[in-house]
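In case you want the letters, here they are:
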Amino acid sequence: MDKLKTKSRAVMAQAERESALLEPTRRSFLRGSVATMGAAATLGATGGAAFAASNPENLPPNVPEWSKMLGDRVTAEPYGIPSQYEKNVHRRTVPWLTPTAESSISFTPIQDLHGIITPNGLHFERHHGGFPHIPKEDFRLIVHGMVKNERMFTLQDLMRFPQVSRIHFVECPANSGAEWRGAQMDKLQFTHGMVSCCEWTGVKVSTLMEELGVKPGAKWVLAEGADAAGMSRSIPIEKIGDDCILAYAQNGEMLRPEQGYPLRLIVPGFEGNMNVKWIRRLEFGDMPWHHREETSKYTDTLSNGKSRRFTWSMDTKSVITSPCPEYPMLAKGYHQIRGLAWSGAGKIKGVDISVDGGKNWMPARLEGMVLDKALTRFVFDWDWNGQEVLLQSRAYDETGYVQPTIDQLRAVRGTWSIYHNNSIHTWLVKKSGEVQNVQVSGK
Ligand SMILES: Nc1nc2c(c(=O)[nH]1)N[C@H]1C(S)=C(S)[C@@H](COP(=O)(O)O)O[C@H]1N2
Ligand SMILES: [Mo]
């Protein structure tokens, strides 16, 4: 602080501004972050670059250029886009994960997101046969099989039904799949970026079931997509009739083509794969269909060679999103650890944080809305002493289920699976502030 007093007004103002970026909600935080500025400078590119002004002329006490002239009229873009300074916030693909029309994946940049909602342009994608562009006039949904009145609906028909809006996560069961055998991915976007959380709006399937009448003995529903993959899954009627939604809107606007325009199924808390996009039919029956996506795929092979089938619910999971490999530690001292937790079984009850690889745990705070089968934000006020630490988060849900360690998971499930890896994740924070994906294993 003493050294700081001798600095010029401009530098002082800059220090205030930088402190603001370090989240000074209380005086003590502010003091802490000013004191760490020296440390930030020694971090070189990591710390310095992130805070360096692109043009120091614009910093206080100078009047910046944007205050000296009129700005743009209303945006030229008919549909608004993010700031030009946020261009690095986008979906990414992994070359070896076959980005071809036959099978493609893009990952949500969860390292750049705040709160719990995934913006539509950043929602991860998983296509088994590329994504179609379906004119809404040409869309039809067929509901048939063991229903009293088989019917074909247009989109307009479906939009006339009573509407619901629910915030739910969608997670591909292959999320973190590459981590089954070891720490493979170098970025948070790739270890955990196949999860999202949106407000989905549409008509509940139970509303259509009341309208059409379900025949006695109907126990299963086949949901089938209209994409080239014709992707389909069998879903138990208890789930379909409970909280499943035929969604036409996502975060307030009609679905994006890549998310299933004009209609997709939302199966809250269940495998992303069951959330059939571009849905064209719902068939009611008395047995599961055992189609490709629930037999040769989306079953979990155990050590003895047998496979678990119908592993629908997504187990309770969490990950620390700050710090992470993309956003390393900038300075010693105060840092708010932030992350996301979710559970297919219901609400998140709590999250614990460990800074010593799981030996000791301290409770994090749930921040904002805690919703059923939705991403939940957790935060933990932390003082980093500049030493190497093994950061972990461990979530538990309202059923009492606790997120397992990778050892516990492997003991039951072996290492052959790629699906349903909900293990506790570890970030190694190095003295330099860099963050590395590692695994803490007793074996
Ligand atoms: N018709 C159809 N539905 C589909 C798929 C598909 O390829 N075709 N992919 C599934 C998989 S594996 C997942 S994880 C989710 C991903 O949804 P998203 O692409 O909106 O993120 O959609 C599911 N629904
Ligand atoms: Mo998936």
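The structure this text deals with has already been given above.
All values derive from a computational prediction rather than experimental measurement.

Remarks on helix H8 (residues 205–212)
By the criterion of burial, H8 is predominantly enclosed, with 6 of the 8 residues buried. Buried residues of H8: Val-205, Ser-206, Thr-207, Leu-208, Met-209 and Leu-212, and no others. Gly-213, located one to two residues past H8, shows a positive phi value of around 80 degrees.

Considering the sheet that holds strand S15 (residues 317–322)
Within the open sheet, the 4 strands sit side by side as S15-S16-S20-S19. Their pairing is antiparallel. Each end of this open sheet is capped by a strand with a single partner; those strands are S15 and strand S19 (365–367). Taking each pair of neighbouring strands and ignoring which way they run, the sheet shows an average axis angle of 35 degrees. The sheet contact formed by strand S16 (residues 333–342) and strand S20 (residues 376–384) spans 9 bridges and is antiparallel. Across the sheet, the residue bridging to His-335 is Trp-382, located in S20.

Regarding helix H10 (residues 406–413)
Turning to H10, its buried residues number three or more, namely Ile-406, Asp-407, Leu-409, Arg-410 and Arg-413. All buried residues of H10 lie within an arc of 160 degrees about the axis, which places them on one face of the element. Exposed residues lying more than 90 degrees from the buried face of H10 are Ala-411 and Val-412. Contacts made by the buried residues of H10 are with strand S13 (300–301) and strand S14 (307–308). Gly-414, located one to two residues past H10, shows a positive phi value of around 75 degrees.

Looking at the pattern of salt bridges
Scanning the entire structure with this criterion turns up 17 salt bridges. Where Glu-224 meets Arg-281, a salt bridge forms, and the shortest distance between an N and an O atom there is 2.9 Å. Taken together, the residues Glu-224 in strand S7 (residues 220–225) and Arg-281 in strand S12 (residues 279–285) connect sequence positions 57 residues apart. For Glu-224, a relative accessible area of 12% translates into the label buried. Accessibility expressed as a relative area gives 17% for Arg-281, which makes it buried. Members of the salt-bridge network, linked through shared partners, are Glu-224, Arg-280, Arg-281 and Glu-283.

Focus: the sheet that holds strand S18 (residues 362–363)
Taken together, 5 strands build an open sheet; the order of strands is S18-S17-S21-S22-S23 and the sheet is antiparallel. Single-partner strands in this sheet number two, and they are S18 and strand S23 (435–438). Note: strand S21 (residues 389–397) against strand S22 (residues 426–429), 4 bridges, orientation antiparallel. Bridge pairing in S22 places Val-389 opposite Val-429.

Regarding the packing of aromatic side chains
The final tally for this structure, using the stated rule, is 7 aromatic pairs. Between Phe-107 and Phe-190, the aromatic rings sit 5.2 Å apart at their centres with planes inclined by 85 degrees, giving edge-to-face as the arrangement. Residue Phe-107 is found in the loop between strand S1 (104–106) and strand S2 (125–127), and its partner Phe-190 is found in helix H7 (residues 188–192); the two are separated by 83 residues along the sequence. For the pair shown, Phe-107 and Phe-190 are each scored as buried. Considering the side-chain rings of Tyr-298 and Tyr-419, the 4.7 Å spacing of their centres and the 25 degrees angle between planes classify their relative orientation as stacked. Of this pair, Tyr-298 sits in the loop between S12 and S13 while Tyr-419 sits in the loop between H10 and S22, and the two are 121 residues apart along the sequence. With respect to class, Tyr-298 is no different from Tyr-419; both count as buried. Note that Lys-239 overlies the ring of Phe-270, its terminal NZ or CZ placed 4.4 Å from the centroid. Here the guanidinium or amino end of Arg-394 rests over the ring plane of Trp-361, the centre of that ring lying 4.2 Å away.

Concerning the side chain of Arg-233
Mapped onto the elements of the fold, Arg-233 is located in strand S8 (residues 232–236). Here Asn-273 takes part through its side chain, which lies 2.7 Å from a polar atom of the side chain of Arg-233.

Brief notes about the environment of Val-147
Turning to its location among the elements, Val-147 is positioned in the loop between strand S3 (141–145) and strand S4 (151–153). The class for Val-147 is buried, based on a relative accessible area of 3%. Taking the C-alpha atoms as reference points, Val-147 and Gly-213, 66 residues apart in sequence, are found 5.6 Å from one another. Contacts of Val-147, omitting those with residues within four sequence positions, involve Leu-212, Gly-213, Val-214, Lys-215 and Phe-284.

About the cut-offs
- Residues numbered from 1 in each chain as written.
- Chains lettered and ligands numbered in written order.
- Predicted model: local features only at pLDDT ≥ 70, side-chain atom pairs only at ≥ 80, totals over all residues.
- Heavy atoms only, no water.
- Buried < 20%, exposed > 50% of the residue type's maximum accessible area, 1.4 Å probe, protein only.
- Helix = DSSP H or I, 4+ residues; strand = E, 2+ residues; numbered from the N terminus.
- Pairing = 2+ DSSP bridges.
- Axes fitted to C-alpha atoms, helices over the stretch in contact; angles between N-to-C directions.
- Arc of directions from axis to C-beta.
- Contact = heavy atoms within 4.5 Å.
- Salt bridge = Lys/Arg side-chain N within 4 Å of Asp/Glu carboxyl O.
- Phe/Tyr/Trp six-rings, centres within 6.5 Å; stacked < 30°, edge-to-face > 60°.
- Lys NZ or Arg CZ within 6 Å of the ring centre and 35° of its normal.
- Polar contact = N/O pair within 3.5 Å; in protein donor to acceptor, adjacent residues only side chain to side chain.

Honestly, that's just the spatial picture; any functional story needs more than this.
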